[in-house]
Amino acid sequence: MSDHATPEAPPSQAASLAAPCSSEPTALHDILSGGLAGMTSIAVGQPFDTVKVRLQTSPPGVGSLAVVREAAASREGLVRSLFKGLAPPLATATAVNAIVFSVYGSASRAVDRYAEDLRDARDSYAATSGSQLPMPASPFPANHLEAFALTSSPSSFAVAKNFACGSFAGLVQTAVICPTEHVKCRLQADPALSSPLQCTRNILKQAGLPGLLRGFNATCLREVPSFGLYFAFYDWARERMLEGLPALPNWVSSVACGGASGALTWALVYPVDIIKTNIQTMPIDTPAKDRGMLTVAGRLVRKHGGSYLFRGLGVTVVRSFPVNGMIFPIYELSIYMFTTPYGAWNFSE
């Protein structure tokens, strides 16, 4: 498997699943591989996510073990209770992760092409004129981007590119994940709701289509910076790890850095997730003025203290490591299998 089978690899116009001799991923490969990785990670992380949501919506003093014991004593039983609400995120896991990886991969490859064209123009100018291409003096952001692409080190450019493309991917997929998480959170927090369809009908009946998008601003604030950091840190950490431990199998570095990037980003945006969960589990007829982000945050802090905004962080970090530790290896393995001839597969690395 290639050391850098990550989404930023350059595309091939001719590559497709019908042409297995391709060595470069396409948007179709990103979609299929991202979907497979997402479905697997959702199934692994669902019990942890259920505990997290119930902790976030329960009074202080209730711990993770108490939530698990309550689930075991419920009429649904431990397994069904902890996997309750799995259908909505699992049904959209393919779409969500396909969006994230395809948008990220396409944006990353477009930026790479842009930077390569700039460098080619600079080298061509230097070859014909005998001098370096002057840096743009205009204050416009596009010109600053050109200067950064031409003068920054490869490592700095990669980190900035990965953060920008990851943030863009997070923004795009927010529209898909917000209604899905709204339904999931209500199912996890309300034992009276028995199915995603029942929950969706209740929301639509009481609040209409906009009701499904409740918590959109908080979801966006969580997703955009976290996905930027997620992709940037993963690529940077994996490159450092492989430089320091060249004999390390690729899948080990992918698991370790994927898990670490997931845990790090969750730790940083977790208070926003607390606010989002509370907004999405409030009574559906709650007035808009009472469910704004700052209003909800202030009410939680006044009632429970600042530490409440980190309630459930431990179980979330524990959940995020195996979940995100699986996403990149499965994604990269799928990309490798899609873009490498069957007879040339080599899994020894």
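Residues numbered from 1 in each chain as written. Predicted model: local features only at pLDDT ≥ 70, side-chain atom pairs only at ≥ 80, totals over all residues. Heavy atoms only, no water.

Rules: UniProt positions are given in the numbering used here, feature names are shortened, and annotations may be inferred rather than shown by experiment.
As annotated in an unreviewed UniProt entry, the protein chain carries the name Mitochondrial carrier domain-containing protein and is attributed to Tetraparma gracilis. The protein chain has a UniProt comment under Subcellular location (unreviewed entry) that states "Mitochondrion membrane". In UniProt, the protein chain has this text filed under Sequence similarities (unreviewed entry): "Belongs to the mitochondrial carrier (TC 2.A.29) family."

## Side note on the nonpolar core
Inclusion rule: What we call a nonpolar core is a set of buried Ala, Val, Leu, Ile, Met, Phe, Trp, Tyr and Cys residues that are connected through their side-chain atoms within 4.5 Å. Exposure is judged per residue with a 1.4 Å probe applied to protein chains only, and the accessible area is read against the type maximum: over 50% gives exposed, under 20% gives buried, and values in between give partly exposed. Helix numbering and strand numbering both begin at the N terminus, where a helix is a DSSP run of H or I of at least 4 residues and a strand a DSSP run of E of at least 2.
Counting 18 residues, the largest nonpolar core has Val100, Phe101, Tyr230, Phe231 and Phe328 as its most contacted members. Sorting the residues of this core by element identifies helix H4 (87-129), helix H6 (154-189), helix H8 (216-244) and helix H11 (313-339) as the ones contributing at least two each. With 12 residues, the next largest nonpolar core counts Met282, Ala297, Leu300 and Leu313 among its residues.

## Description of the packing of H8 against H11
Here is the rule we go by: Helix axes are fitted only over the stretch in contact, all axes being lines through C-alpha atoms; the angle between N-to-C directions runs from 0 to 180 degrees. What sets the label is the angle itself: under 35 degrees gives roughly parallel, over 145 gives roughly antiparallel, 65 to 115 gives roughly perpendicular, and the rest give oblique. When checking whether two residues touch, look at their non-hydrogen atoms; a contact exists if any pair is within 4.5 Å. The nonpolar class holds Ala, Val, Leu, Ile, Met, Phe, Trp, Tyr, Cys and Pro. Asp, Glu, Lys and Arg form the charged class, and all remaining residues, Gly among them, are polar.
Two elements in contact, H8 and H11, have axes whose closest approach is 13 Å; the angle formed by their N-to-C orientations is 75°. Comparing the axis directions of H8 and H11 gives the class roughly perpendicular. In contact with Tyr230, Phe231, Tyr234 and Arg238 of H8, H11 contributes Asn324, Ile327, Phe328 and Glu332. The class makeup of the residues in the contact of H8 with H11 is 5 nonpolar, 1 polar and 2 charged.

## Quick look at the state of the cysteines
Our working rule: The disulfide criterion used throughout: a pair of cysteine sulfur atoms within 2.5 Å.
Following the criterion strictly, the structure yields 0 disulfides and no others. Free of any disulfide, Cys185 has its nearest cysteine sulfur in Cys199, 9.7 Å distant. Take Cys220: it sits in no disulfide, and the sulfur closest to it among the cysteines is that of Cys178, at 9.5 Å.

## Observations concerning the packing of H6 against H8
To keep it simple, the criterion reads: What makes a crossing left-handed is the near helix being turned counterclockwise from the far one by less than a right angle; a clockwise turn instead makes it right-handed.
With their axes 6 Å apart at the nearest point, H6 and H8 run at an angle of 145° to one another. Taken as a pair, H6 and H8 cross one another with a handedness that is right-handed. Here the contact of H6 with H8 is built from residues that sort into 16 nonpolar, 9 polar and 5 charged.

## Structural notes on the environment of Cys220
Relative to the assigned elements, Cys220 resides in helix H8. Taking the C-alpha atoms as reference, Cys220 lies 9.7 Å from Ile177; in sequence the two are 43 residues apart. If we ignore the near neighbours within four places in the chain, the residues touching Cys220 are Leu171, Thr174 and Pro225.

## A short note on the pattern of salt bridges
The criterion, for reference: Every case where a carboxyl oxygen of Asp or Glu lies within 4 Å of a side-chain nitrogen of Lys or Arg is listed as a salt bridge.
Summed over the entire model, instances satisfying the criterion amount to 10 salt bridges. Here Asp112 and Lys161 are joined by a salt bridge, their closest N and O atoms 3.1 Å apart. Taken together, the residues Asp112 in helix H4 and Lys161 in helix H6 connect sequence positions 49 residues apart. We classify Lys161 as buried; its relative accessible area is 8%. A salt bridge links Arg240 to Glu243, with the nearest nitrogen and oxygen atoms 3.4 Å apart. Placement of both Arg240 and Glu243 in helix H8 is noted, with a separation of 3 residues, approximately one turn of the helix. Residues joined by salt bridges that share partners form a network here, namely Glu181, Arg222, Glu223, Asp273 and Lys276.

## Quick notes on the packing of aromatic side chains
Where we set the bar: Working definition: rings of Phe, Tyr and Trp (its six-membered ring) pair if their centres are within 6.5 Å, and the pair is stacked with planes under 30 degrees apart, edge-to-face with planes over 60 apart, and tilted otherwise.
Applying the stated criterion across every chain yields a total of 12 aromatic pairs. Plain terms: the ring middles of Phe233 and Trp236 are 6.1 Å apart, the flat faces sit at 40° to each other, and that makes the pair tilted. Here the residue Phe233 and the residue Trp236 both occupy positions in helix H8, the gap between them amounting to 3 residues, near one helical turn. Its relative accessible area of 23% is what places Phe233 among the partly exposed residues. Taken together through their ring pairs, the aromatic side chains of Phe101, Tyr104, Phe227, Tyr230, Phe231, Tyr234, Phe328 and Tyr331 make up a single cluster.

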